[in-house]
Amino acid sequence: MNLTLNVWRQKGPDDPGRMVTYSANNISPDMSFLEMLDVVNEQLEEKGEEPIAFDHDCREGICGMCSMMINGVPHGPDRGITTCQVHMRRFNDGDTLWIEPWRATAFPVIKDLVVQRGAFDRIIQAGGYISVKTGGAPDGNAIPITKTQADKSMDAAACIGCGACVAACPNASAMLFVAAKASQFAHLPQGQPERYRRAKRMVDQMDEEGFGNCTNHYECEAACPKEISVENITLLNRDYIRANLTGVE
Amino acid sequence: MDWVVKFARSSIGAKAVVALTGAGLVGFVVAHLLGNLQLFAGPEQFNNYAHGLKSLGPLLWAARLGLLGMFVLHIGMAIRLQSMNKAARPVSYQSKKAQASTLASRSMLLGGVTLLLFVLFHLAHYTLGVVDPQFLEYKTAEGWHDAYKMTVIGFQSAPVAGLYIAAMAGLAMHLGHGVSSMFQTLGLNHPRYRPLIRGIGPALAALIFLGFVSIPIAVQLGIISLQGGA
Ligand code: HEM
Ligand code: FES
C-alpha cells in the first residue's frame with residue numbers, strides 16, 4: 001500500500017519544528033506501524049536525510065516507550081493498544097496520516113516524535129512506592145485481600161506510563177497516570193500506611209511539573225492503551241481531599 | 001488556615017472549590033426556578049412571594065452576599081484553572097480527534113462567561129430596572145412592588161424572551177456537564193453509580209431549562225398575562 005505521511009520534524013528542543021510530508025510506498029499491510037516507519041527511515045537514510053526519531057523498545061505493548069499521535073489519537077485509532085501494536089492493515093491504500101509527538105509543557109520535545117517524560121519519574125519518586133522492611137521474605141498469602149480489591153489494584157497496575165492520557169487530555173493533565181499509580185497501592189493493605197501522604201505528594205509534584213487539571217472530559221480513558229478507568233481518578237480526588245482536610249504531610 | 005490556602009491553590013483543591021460553589025449555585029438556580037414558577041399561580045401568589053423575599057431584610061442581604069461570594073470564587077478559580085490548562089498545552093495538535101469529550105465539556109468557560117454576561121443583564125433588567133426604570137415603579141394594591149406585572153411586561157418583548165431562552169440554553173449546557181462532573185471532582189463516584197451520575201447532569205439541566213423557559217414562552221403565548229396566570 002502507498003500512504004502519505006505528515007510527520008512532525010524538529011531537530012532539537014530549541015528548533016521550532018514543522019510538519020513534513022513524506023510518501024511511504026510499497027508498505028505491506030502486515031507491517032506494524034513502527035516497521036512502516038523503519039522502512040521510511042531506511043529510504044530517508046539512503047537519500048542521505050536524517051531519519052525520523054521516535055521512541056520504542058519492546059514493540060509488543062508492554063514497555064510504554066512508543067508514543068505518537070496518529071491522526072489525532074494517541075497510539076492510533078484502535079482502543080486498548082499501543083502504537084507498536086497498530087498494524088498497517090488498519091489503514092487504507094492512499095490514506096494520509098498525521099503523525100505528531102505528545103504535546104504538553106511537561107513533556108518537552110527532544111527530537112521529532114520523541115518527548116521527555118521524566119516528569120512521570122519525578123511523580124513516582126515523590127510518592128509512587130510503598131516502604132517495606134528488609135528481612136525474611138513474608139508469606140505471600142499471610143495478608144487477606146478481597147478479589148475485588150486485588151482486581152482493582154491489578155487493573156490500575158496495568159499502566160505502562162506511556163503518557164497517552166496526557167497527550168489525549170485537552171488540558172494535558174496527568175491525572176489518569178497519577179491516579180493509576182496511586183490507586184494500585186490504595187487498594188492493597190500494603191499501600192495503606194502511606195496512602196494519604198502518597199496522594200498528596202504525587203499530586204503536588206504533578207502540579208509542580210506543569211500538567212493541566214482534570215475537567216472530566218474522560219479523553220484519557222478512551223486513549224489509554226491499557227484501558228485504565230477514570231474510577232481511579234475518583235479515588236485520587238477523594239484521597240487527596242481527605243489528605244488535605246486531615247492535615248497529612 | 002495556611003493549609004486552606006495551600007489546598008485551594010492545588011489543582012484538585014481548586015477544582016473542589018469550583019465544584020462546591022457550583023453545587024451552591026445549582027441550589028440557588030433550583031430555588032430561583034421554584035420561586036419563579038409561582039408566576040403560573042397568578043399575580044397575588046407571585047407578589048406575595050416576592051414581597052416575602054424582600055421582607056427578609058438582613059437575611060436577604062446575607063443570602064445575596066453568600067451568592068456573590070460563591071460566584072466570585074467559582075469564576076475566579078475556574079478561570080485560574082483554565083489558564084493553567086492553556087499553559088499546559090501551548091502547542092496544539094495539527095490533527096486532534098475527540099473520542100470522549102462533548103461540546104458541553106469543552107465549552108465550560110465559554111458557557112460560563114456567557115452566563116456571567118447574562119446574570120449582569122438579568123440584574124440590570126429586573127433588579128435594578130436599568131432597561132426600563134418604570135419596572136420598579138409598578139405597585140400592587142398593598143403598595144408592594146408589583147413584580148408580577150414587571151416580569152410579564154418584560155417578557156412580552158419578543159427579543160427579551162428570546163434572549164432569556166438562549167441564556168437558559170447556555171445554562172443547560174453548563175450544567176449538563178458541570179453537575180455530573182461535580183461528583184467526580186469531589187471523589188463521589190463508583191462504577192455502580194457511574195451511569196446514574198453521568199445521566200444526572202443532562203437530566204437536571206433539561207428540567208431546569210424547561211422550567212425556566214416555560215415562563216417567557218407562556219407570556220409570549222398569552223398563557224400568562226397581566227390579567228393572571230394559567
Ligand atoms: C448560575 C450560575 C452557575 C452555576 C449553577 C454553575 C455550576 C457549575 C458546576 C456545577 C460546575 C462543575 C464543577 C466541577 O466540574 O466539578 C461548574 C464548572 C465550571 N464553571 Fe460554572 N456555574 C455557574 C456560573 C459560572 C460562570 C458565571 C462561570 C464563568 C465565567 C463559570 C465557569 C465555570 C467553568 C470554567 C467550569 C469548569 C471548571 C472546570 O471543570 O475546570 N460558571 N459550574
Ligand atoms: S514499544 Fe513498548 S509499548 Fe510500544
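Draft legend 1. Inspection of the site of ligand 1 at higher detail. Close to ligand 1 lie 24 residues, the nearest being T215 of chain A together with H74, H174, S181 and T185 of chain B. In this structure, ligand 1 sits where chains A and B come together, each supplying nearby residues. Measuring from a nitrogen atom of ligand 1, one finds a side-chain N or O atom of H174 of chain B at 2.7 Å. Taking T185 of chain B, its side chain carries an N or O atom lying 2.9 Å from an oxygen atom of ligand 1. For the shell around ligand 1, the elements supplying multiple residues, two or more each, are α2 (11-36), α4 (58-88), α6 (108-127) and α8 (158-185) of chain B. When the residues that make up the shell around ligand 1 are grouped by side-chain class, the tally is 15 nonpolar, 9 polar and no charged.

Draft legend 2. Structural view of the environment of L136 of chain B. Residues and elements named next belong to chain B. Residue position: L136 is located in the loop between α6 and α7 (147-156). Residues L136 and S105, 31 residues apart in the sequence, show an inter-C-alpha distance of 39 Å. Leaving out residues up to four positions away in the same chain, L136 has contacts with Y126, T127, L128, G129, H145 and M150.

Draft legend 3. Geometry of the interface of chain A and chain B. Each partner contributes residues to the interface: chain A has 52 residues there, and chain B has 40 residues. Of the roughly 3,700 Å² buried between chain A and chain B, counting both surfaces, carbon and sulfur atoms make up 49%. One can count 1 salt bridge joining chain A with chain B. At the surface where chain A touches chain B, the tally comes to 31 residue pairs in polar contact (both at pLDDT 80 or more).

Draft legend 4. Spotlight on the coordination of the iron atom of ligand 1. All names here are of chain B. For the iron atom of ligand 1, the protein coordination sphere consists of H74 (NE2) and H174 (NE2), at 2.0 Å. One can describe the donor arrangement at the iron atom of ligand 1 as octahedral, given that its 6 donor atoms subtend angles of 86 to 179° at the metal. With H74 in helix α4 and H174 in helix α8, this residue pair connects regions lying 100 residues apart in the sequence. For H174, a relative accessible area of 14% gives the class buried.

Reading guide: rules and limits
Residues numbered from 1 in each chain as written. Chains lettered and ligands numbered in written order. Predicted model: local features only at pLDDT ≥ 70, side-chain atom pairs only at ≥ 80, totals over all residues. Heavy atoms only, no water. Near = heavy atom within 4 Å. Polar contact = N/O pair within 3.5 Å; in protein donor to acceptor, adjacent residues only side chain to side chain. Helix = DSSP H or I, 4+ residues; strand = E, 2+ residues; numbered from the N terminus. Nonpolar A, V, L, I, M, F, W, Y, C, P; charged D, E, K, R; others polar. Contact = heavy atoms within 4.5 Å. Buried area = accessible area lost by both parts, 1.4 Å probe. Salt bridge = Lys/Arg side-chain N within 4 Å of Asp/Glu carboxyl O. Donors = N, O, S within 2.8 Å, 3.2 Å for Na, K, Ca; no water. Tetrahedral: all angles 85-135°; square planar, octahedral: opposite > 155°, others 65-115°. Buried < 20%, exposed > 50% of the residue type's maximum accessible area, 1.4 Å probe, protein only.

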